[in-house]
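# Residue-level structure breakdown
Chain residues, written in single-letter form:
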Amino acid sequence: MKIISDLRKMQKFCLLQKRAGCSLGFVPTMGALHEGHLSLIRCSEKENDITCVSIFVNPAQFGPQEDFTRYPRPLRRDAALCKKENVDVLFRPSARQMYGAGFHSFIEVGEMGGVLCGRSRKGHFRGVATVVAKLFNIVQPDRAYFGRKDFQQAVIIKRLAEDLNFSVAIRVLPTVREKQGLAMSSRNAYLSRAERSDALVLSRALALARKMAGAGEREAREIIRQMTQLIMARKRVGIEYIEIVDPETLAPVARITGKAAVMLAVRVGKTRLIDNILINT
Ligand code: PAF
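In this text the structure is predicted, and so the values were computed from the model without any measurement.

The next subject is the packing of aromatic side chains. Under the criterion given, the structure shown has seven aromatic pairs. Between the aromatic rings of F62 and F68, the centroid separation amounts to 5.4 Å while the plane-to-plane angle is 65 degrees, which identifies the pairing as edge-to-face. Arranged with centres 5.9 Å apart and planes meeting at 75 degrees, the rings of F62 and Y71 form a pair that is edge-to-face. The buried category is assigned to Y71, whose relative accessible area is 7%. Site record: aromatic cluster; members linked through ring pairs are F56, Y99, F103 and F106. R70 extends its terminal NZ or CZ atom over the ring of Y190, reaching a point 4.0 Å from the ring centre. In this structure, K134 is placed above the aromatic ring of Y99, and the distance from its NZ or CZ to the ring centre is 5.7 Å.

Okay, here's the thing in structure tokens:
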């Protein structure tokens with residue numbers, strides 16, 4: 001496995017692969033890799049000649065009060081995992097290279113960046129869209145892989161690729177869960193044992209939503225009410241939002257007809273967790 005830190009070397013490496021006729025799959029990450037990331041890597045390997053993984057904890061997508069400095073960075077472990085998964089190239093640029101002196105140009109995200117997580121994380125999706133656009137320009141992938149756990153991010157990146165004419169197919173793969181249902185996330189590392197057990201309430205609340213919709217409940221408000229009740233029964237847990245939205249536009253739906261995404265953000269202790277499911281009535 002090649003490890004490249006230099007941005008221009010990476011650009012050149014990817015260009016040479018493409019010129020040689022190889023298809024390029026790209027898995028952008030912030031590291032602290034888990035089974036969710038590995039499922040993206042494995043899918044990329046099935047669908048492409050070359051798989052490239054990036055690890056970059058992107059300062060532009062963290063607010064001033066957020067966990068940028070604390071974000072886990074197990075560099076050696078991540079590199080070993082990529083090697084084990086037969087990744088062809090691991091790209092680990094520095095913040096200095098990505099946002100050098102005089103950096104000035106950001107991608108403006110429309111309304112979809114201001115709803116759901118965007119309400120409490122101002123500028124977050126602007127930072128995500130900017131770094132993803134930069135990475136797409138560096139790697140020029142044929143396919144890029146994202147997890148459905150970050151549903152809002154995936155919808156925004158799909159729009160970005162279409163709006164800005166990136167010729168990359170955006171592949172969004174199902175959330176990988178631990179045995180008891182907790183969605184895999186690098187931030188799960190922050191949870192104490194008791195919080196980990198409290199965090200199971202997220203997937204349970206989503207399962208309740210699925211069950212209610214399956215039994216014929218169509219009123220989003222009623223589903224949200226019962227999910228809230230279930231979650232609030234836990235002491236260390238606070239709800240940031242629970243919403244049922246159109247999976248394409250992220251606009252809230254009052255009555256569920258057809259496809260809908262049930263989205264939630266919950267604080268367990270000091271850790272903010274998100275999760276979602278898609279339902280189809
Ligand atoms: O999902 C993530 O890990 C990040 O938001 C991404 C897409 C790598 C951009 O920094």
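Moving on from the coordinates now.
Turning our attention to the sheet that holds strand β2 (residues 24-29). Hydrogen bonds between backbone atoms are what pair the strands of a sheet, whose relative direction is either parallel or antiparallel. One open sheet holds the six strands; their spatial order is β1-β4-β3-β2-β5-β6, and the pairing between them is parallel. Looking at the sheet topology across the chains shown, the edges are occupied by β1 (2-4) and β6 (169-173). Averaged over all adjacent pairs, the angle separating strand axes in this sheet is 25 degrees, with direction ignored. Where strand β5 (residues 143-147) lies against β6, five bridges are found, and the strand directions are parallel. Pairing of G147 across the sheet is with L173, part of β6. Along the sheet face, helix α2 (residues 35-47) touches β2, β3 (50-55), β5 and β6 and points at about 155 degrees away from the line of β5. Against the sheet, helix α7 (residues 151-163) contacts β5 and β6, and its axis sits at roughly 170 degrees relative to β6.

This part covers α7. In an α-helix there are 3.6 residues to a turn, and that puts residues three or four apart on one side. The first and last C-alpha atoms of α7 sit 18 Å apart over 13 residues, in line with the 18 Å expected at 1.5 Å per residue. In this fold, the buried residues of α7 make contact with α5 (117-120), α6 (124-139), β5, β6, β8 (259-268) and β9 (271-280). N165 sits one or two residues past α7 and shows a positive phi near 55 degrees.

Bringing the environment of Q180 into the picture now. Relative to the assigned elements, Q180 resides in the loop between β6 and α8 (193-214). For the pair Q180 and A60, spaced 120 residues apart in sequence, the C-alpha to C-alpha distance is 33 Å. Apart from residues lying up to four places away in sequence, Q180 is in contact with L200 and S203.

A few words on the pairing of β8. Burial within β8 is extensive, with eight of its ten residues counted as buried. As judged from the eight bridges shared by strand β7 (residues 237-245) and β8, these two strands associate in the antiparallel manner. Bridge assignment links E243 to a residue of β8, and that residue is M263. Bridge analysis of β8 against β9 gives ten bridges, and the strand direction is antiparallel. Looking at the pairing, K259 lines up with N280 of β9.

Rules behind the numbers
- Residues numbered from 1 in each chain as written.
- Predicted model: local features only at pLDDT ≥ 70, side-chain atom pairs only at ≥ 80, totals over all residues.
- Heavy atoms only, no water.
- Phe/Tyr/Trp six-rings, centres within 6.5 Å; stacked < 30°, edge-to-face > 60°.
- Buried < 20%, exposed > 50% of the residue type's maximum accessible area, 1.4 Å probe, protein only.
- Lys NZ or Arg CZ within 6 Å of the ring centre and 35° of its normal.
- Pairing = 2+ DSSP bridges.
- Helix = DSSP H or I, 4+ residues; strand = E, 2+ residues; numbered from the N terminus.
- Axes fitted to C-alpha atoms, helices over the stretch in contact; angles between N-to-C directions.
- Contact = heavy atoms within 4.5 Å.
- Expected span 1.5 Å × (residues − 1).

All quantities given are derived from atomic positions and should not be read as evidence of function.
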